Amino acid sequence: MREIAEPLDGPRVKELAELAGDLGVWLLPGSVCERGPAGELFNTALAFSPQGQLAAWYRKVFPWRPSEPYDPGDRFVVFDVPEAGRIGFAICYDAWFPEVARHLAWRGAEVIVNPVMTTTSDRAQEVVLARANAIVNQVHVVSVNTAGPLGSGHSLVVDPEGRIRAEAPGDGTAILTDVIDLDDVTRVRTHGTAGVNRMWDQFTDTDAPIELPLYGGRIDPRTWRPGA
């Protein structure tokens, strides 16, 4: 991994930026091995604008230990696509930690893009997690897994109520297309999942904070709502 790692100003990133600019599209090409400024090894997801600029990058916070050699990132990342909405990044094993999706949604993400390289037998559970993270945060989730023969496939797009909008049928190479309406996030949060549940409106400003001993922190009702 260290032999192929490159910094964010290396040739790999420059070539991807040129590709996005030549095509005039937003390009999210998965994740790369990044050599950090202090020699760290990061698993880093990238986003490029149609102008051929590196618009955002996210270093995986939860490496799959003990198998992955990566250093963990230290922050959650969202970025805005003008006239579309806000996107958040999670990489592979991050999906198993609800703190990631919750913080991305709290920071205003309407879509969580989760590039995955699952070669093991737990893809079925990851599909459940993609739907669960969408439901409990009322966001779209796009979980894109490596196809066979290396990966186990089953990429999918999930809406804010947990419905699968598009899914690769197996582990073979597939192209998924979908047009998602980010206003669905507002609709679901306003009227509730299945017209019932509105967890982002759970608290009032007069409710007492809830202590979170695991984190040494708390839920403050005054700052609970997303979009910070």
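Here the structure is a predicted model, which means the values were calculated and not measured.

Conventions adopted
Residues numbered from 1 in each chain as written. Predicted model: local features only at pLDDT ≥ 70, side-chain atom pairs only at ≥ 80, totals over all residues. Heavy atoms only, no water. Buried < 20%, exposed > 50% of the residue type's maximum accessible area, 1.4 Å probe, protein only. Helix = DSSP H or I, 4+ residues; strand = E, 2+ residues; numbered from the N terminus. Pairing = 2+ DSSP bridges. Phe/Tyr/Trp six-rings, centres within 6.5 Å; stacked < 30°, edge-to-face > 60°.

Engineer: Would you take a moment to explain the pairing of strand E7 (residues 140–145) for this structure?
Structural biologist: On any regular strand, side chains alternate: one points to one face of the sheet, the next to the other face. Taking burial as the measure, the six residues of E7 include five buried ones, the bulk of the element. With six bridges connecting them, strand E6 (residues 111–116) and E7 associate as parallel partners. Residue pairing for E7: valine 113 is matched across the bridge by valine 142. Inspection of the sheet shows E7 paired to strand E8 (residues 156–158) by three bridges, in the antiparallel sense. Residue pairing for E8: valine 142 is matched across the bridge by valine 157.

Engineer: I keep staring at the packing of aromatic side chains and nothing clicks. Help me out?
Structural biologist: What describes a pair of aromatic rings is the distance from one ring centre to the other and the angle between the planes of the rings. On inspection of all chains with the given rule, the structure shows seven aromatic pairs. A centroid spacing of 6.1 Å and a plane angle of 25 degrees characterise the contact between tryptophan 26 and phenylalanine 79, whose relative ring orientation is stacked. Taken as a pair, tryptophan 26 in the loop between helix H1 (11–23) and strand E1 (31–35) and phenylalanine 79 in strand E4 (residues 78–81) lie far apart in primary sequence, 53 residues in all. A relative accessible area of 30% means that tryptophan 26 is categorised as partly exposed. Relative to tryptophan 224, the ring of tryptophan 200 has its centre 5.1 Å away and its plane inclined at 40 degrees; by these criteria the two rings are tilted. Highlighted residues: tryptophan 200 in the loop between helix H4 (183–191) and strand E10 (210–212) and tryptophan 224 in the segment after strand E11 (217–219), separated in sequence by 24 residues. Take tryptophan 200 and tryptophan 224: they sit in the same class, and that class is buried. Through a chain of ring-to-ring contacts, three or more aromatic side chains come together here, namely Phe62, Tyr93, Trp96 and Phe97.

Interpretation note: all reported values are geometric properties and have no functional meaning in isolation.
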